Amino acid sequence: MELINLSWKDEYIIFDSQDLQYKSIFGAVPCGESVNFNIKINKNVMLDYIYLHIFIDNLDVSIPANHSAYQMKKSEVIDSDDWTTYSYSYKTGDLPRLVFYFFEIKLQDGCVKYYGNNLERLGGIGQVYSYNPPAYQMTTYYKDSKTPDWYKESIIYQIFPDRFFNGNPYQTLSAHKKNTFIYGNWNDTPLYIKGENGDILRWDFFGGNLKGIDKKINYFKDLGINLIYLNPIFKAASNHRYDTGDYKEIDPMLGTEEDFTHLVKHLKENNINLILDGVFNHTGRDSKYFNRFGNYDSVGAYNSVGSPYYDWYTFKNYPNEYTGWWGNADLPCVNELTPSFLDYIIRDEDSVVAKWLKAGIKGWRLDVADELPGEFLKILRKRCHEIDEESVLLGEVWEDATNKISYNQRREYMCGEELDTVTNYPFKKILLDFFYKNIDASRVCKLFMNLRENYPKENFYSLTNMIGSHDVERILTICENIGNFMQENSYKSELHKERLVLKEKLTEKLGIDILKLFSLVQLTFPGVPLIYYGDEVGVRGGKDPDNRRTYPWGNENLELLDWYKKLIAIRNKNPLLSTGGFKQFSINEDVYGYIRFLNKGVDEFGKSRGTDNFIIVIINRNPVNSYNFEFDFKDFEFINSVKNCKAVYEIHNSKKYFSANKTLLMDIKPLDFLMISNIDLTK
C-alpha cells in the first residue's frame with residue numbers, strides 16, 4: 001500500500017546559511033577546510049532520505065559544474081521532541097572555486113522536495129521547491145590570503161589631478177600641450193569640444209598639478225585622510241590620462257618626477273599613503289607604444305610591424321583597423337599576456353610596477369579589472385608583494401566580485417591571488433534603492449548580509465565603499481535628485497503640502513540632509529571609505545565631464561566640511577569602526593540600523609584594539625515622518641560592552657541615558673540619524 005504524506009508542510013524544513021547552527025563556518029570557507037551542514041526536519045515528516053547536492057563551479061562557465069550528492073545522516077545531537085537534525089561534513093577542495101549547494105528531501109510516499117536559496121538568492125533562510133531550486137553560494141579561497149591591515153584602517157581621498165589645485169606661483173601652467181585649451185577661470189564648468197562623429201577635438205585643462213596636491217597636505221591631515229588615490233598621472237594626450245602615452249613618465253602638465261618624489265616624501269612624513277591608477281588594459285593611440293600620430297620618438301606598433309610593441313596589439317587590417325577598448329579607436333587594447341608586455345609592465349627589474357613601487361607608492365587601483373586576464377593579475381600581485389609585501393591591489397569592479405563572470409570566465413578576484421579589494425559599487429546601489437523606496441530597511445539588511453556572506457572576511461573588511469567617483473554623477477547631485485523624488489512623492493500630498501510652500505531651497509536642503517546620511521553610513525560601515533575630492537564640500541555635477549569640476553577653494557560648503565571632519569575623526573579614534581564586529585537591524589520599513597563593536601577588546605581578526613566599546617548607527621529615510629520606538633539592548637547582550645553597559649550617549653542630541661531594564665524609548669526625526677555609544681564620541 002502506498003504511503004500518503006498528508007501532514008506535509010513547507011515549514012517542516014529549517015535551514016539558514018547565515019546561522020552557525022546550520023552551517024558551521026559563516027560565509028566563505030578556506031580551501032581544505034571541513035564545514036558541517038545541518039538541516040532540521042520535523043518529526044512528523046515520513047522521511048526516506050536527505051541528500052546534500054554540491055556543485056563545484058568551473059572557471060569556464062560554459063562547462064557544467066561538477067556535481068556530487070551526499071546522503072546526510074541523522075545527528076547524534078538530541079533535538080527537541082519535534083525536530084531531528086541531519087548532517088554532513090563537507091571538505092572544500094584544494095583550489096578555490098565557488099561551491100553551490102541545495103538539499104533534496106525524499107519522502108516515504110515517493111514525493112521529492114527540494115530546499116534551496118530564497119527566490120532573491122540572498123542567502124540565509126531559504127524555501128521549499130518542487131524542482132530546480134536556486135542554489136546557495138559558498139565562496140572558497142586560499143587559507144592564508146590576507147589584505148594589509150593598514151588598508152583596512154584607511155580613509156581614501158580620490159583626486160582627479162587636473163582639477164584639484166595648481167601649486168605653481170601665480171597658477172602658471174607646468175607645461176603646455178598641443179591642440180588643447182585652458183580654462184580662463186578655475187571655477188568654470190568643464191565641457192568637451194566634440195566633432196561630428198563624437199571624437200574630442202580639443203582636450204581641456206585647468207592646470208591642477210602635483211605641487212598643488214603637495215601644498216594641500218595640511219588639508220588632508222585636517223580632514224583626517226591617510227590614503228590618497230590619484231587618477232592617472234602618466235604622460236597622455238587627455239586630461240583624464242586613461243589613454244597612457246608613457247607609463248614611465250609623469251605628464252609634464254602635472255610636473256616632474258622630482259615633484260612626484262617630493263610629494264611621496266611629504267605624504268609619508270605625514271603618515272599618508274599613496275596609490276596610483278594602473279591602466280594596463282589599453283594604451284593611448286597617441287603613445288610611444290602605438291604612436292599613430294608620430295608625436296613620440298619611437299617606432300610604435302602603428303608605424304611598423306617590426307616595432308617592439310607590435311605584438312602588444314591586435315590588428316584586424318593593419319594599420320588602421322585594430323581592437324580598441326569598447327570599440328574606441330583612441331584606446332587600442334593590449335594583449336596583456338604578451339611576454340614583452342608582461343616584462344615591461346611587471347617582470348623587468350625596471351618595470352613600470354617596480355619603478356613606482358620603489359618610488360614609494362603603496363599599491364595600484366586597476367582600471368577595468370574585469371578586462372584584465374586572471375593570470376595577469378596573479379603575476380602582478382606576486383610581483384607587487386615581492387617589492388612591498390604590504391602593497392595593495394584595488395580593482396575596478398562594478399558588481400559582487402565573488403561571482404563576477406567576464407567573457408564566459410568566472411573571475412577569481414577574491415580567492416587570494418589576484419586582488420585585495422574592489423570598488424564596492426553595490427554598497428552605493430543598496431543605499432540608493434533604499435532612499436528611492438525601491439527596497440525597505442529589512443531588505444537593506446539582507447542585501448548587505450549577502451555581500452558579507454559571499455566575501456572572505458579579509459576582503460569584506462577591505463571593500464572600498466564609494467558613494468562618488470570620476471565615473472558617476474556627483475553624490476550631492478544624486479542626493480538632490482532623491483530630494484526631488486521625495487518632494488513629488490511625499491511633500492506634494494495633501495497632508496504635507498504646507499511643507500513644500502514654507503521651505504525655501506527645499507531641494508538643496510534635502511540634498512544636504514540625504515548626503516549626510518549617505519556619508520554617515522559610509523564612514524561607520526565595515527570596509528574602507530573612499531571620498532571623491534570635493535564631495536566633502538558640496539561639489540555638484542552630472543555625468544562626465546560635469547562630475548570632474550574643480551575643487552572650489554574659497555567657496556566650500558563649510559557646514560558639510562565640518563560634518564565630514566567630525567565623522568572622520570570619530571572613525572579614526574574608534575578602531576571598532578574599521579575592523580570591529582557588525583550586526584544589522586531594522587526598526588520599520590524606513591528606519592535602518594547596525595551596531596559596531598569590540599568584544600573582549602579584540603576585533604574580527606583577533607587583533608587587540610582597546611577596550612570593549614560599541615557604536616549604534618540608526619538612520620531614517622522618511623522625509624516627513626518621525627518615529628518613536630523602544631530600543632531593547634537585551635537583543636545585543638552577546639556583546640560584552642552592551643551587556644555590561646550602565647549608560648549610553650547619543651551624539652546627535654548630546655544626551656546621556658540611564659536604563660535599569662536595558663530598554664530606551666527613542667525618537668528619530670525625518671531624514672535624521674541617531675548615534676548611540678557607551679562612550680562619549682564628542683570627546
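Procedures and definitions
Residues numbered from 1 in each chain as written. Predicted model: local features only at pLDDT ≥ 70, side-chain atom pairs only at ≥ 80, totals over all residues. Heavy atoms only, no water. Pairing = 2+ DSSP bridges. Helix = DSSP H or I, 4+ residues; strand = E, 2+ residues; numbered from the N terminus. Phe/Tyr/Trp six-rings, centres within 6.5 Å; stacked < 30°, edge-to-face > 60°. Axes fitted to C-alpha atoms, helices over the stretch in contact; angles between N-to-C directions. Buried < 20%, exposed > 50% of the residue type's maximum accessible area, 1.4 Å probe, protein only. Contact = heavy atoms within 4.5 Å. Core = buried A, V, L, I, M, F, W, Y, C linked by side-chain atoms within 4.5 Å.

(A) How the structure looks around the sheet that holds strand S14 (residues 180–182). The sheet built from 3 strands is open, its strands ordered S14-S16-S15 with mixed pairing. Looking at the sheet topology across the chains shown, the edges are occupied by S14 and strand S15 (193–194). Pairing geometry for S15 and strand S16 (residues 200–205), over 2 bridges, is antiparallel. Note on S16: the bridge partner recorded for Ile193 is Arg202.

(B) Summary view of the packing of aromatic side chains. Summed over the entire model, instances satisfying the criterion amount to 77 aromatic pairs. With 5.8 Å between their ring centres and 35 degrees between their planes, Trp325 and Trp326 make a pair best called tilted. Through a chain of ring-to-ring contacts, three or more aromatic side chains come together here, namely Phe234, Tyr247, Phe260, Phe280, Tyr289, Tyr309, Trp312, Phe341, Tyr344, Trp356, Trp364 and Phe376.

(C) Highlighting the sheet that holds strand S29 (residues 421–424). Pairing is parallel in the closed barrel, where 8 strands are placed in the order S13-S17-S20-S25-S26-S29-S30-S31. Within the sheet, the average angular offset between the axes of one strand and its neighbour, ignoring direction, is 25 degrees. In terms of strand pairing, strand S20 (residues 273–278) meets strand S25 (residues 363–366) through 3 bridges, oriented parallel. Counted as the bridge partner of Gly278 is Leu366 from S25.

(D) Fine view of helix H5 (residues 339–347). Three or more residues of H5 are buried, namely Phe341, Leu342, Tyr344, Ile345 and Ile346. Buried positions along H5 lie against strand S19 (244–250), helix H6 (352–358) and helix H7 (374–387).

(E) Layout of unusual backbone geometry. Going from Tyr318 to Pro319, the amide bond is cis rather than trans, its omega being 0 degrees. Looking at the element boundaries, Pro319 is found in the loop between strand S21 (315–317) and strand S22 (321–322). Look at the link from Asp544 to Pro545: it is a cis peptide, with omega at 10 degrees. Looking at the secondary structure, you find Pro545 in the loop between strand S31 (528–532) and helix H14 (558–573). Positive phi outside glycine occurs at Asn179, with the angle close to 55 degrees.

(F) Representation of the nonpolar core. With 127 residues, the main nonpolar core has Tyr157, Phe220, Trp364 and Tyr592 as its most contacted residues. The greatest single-element share of this core, amounting to 9 residues, is contributed by helix H13 (residues 506–522). One finds Ile13, Phe15, Ile50 and Ile54 within the second-largest nonpolar core, a separate group that totals 27 residues.

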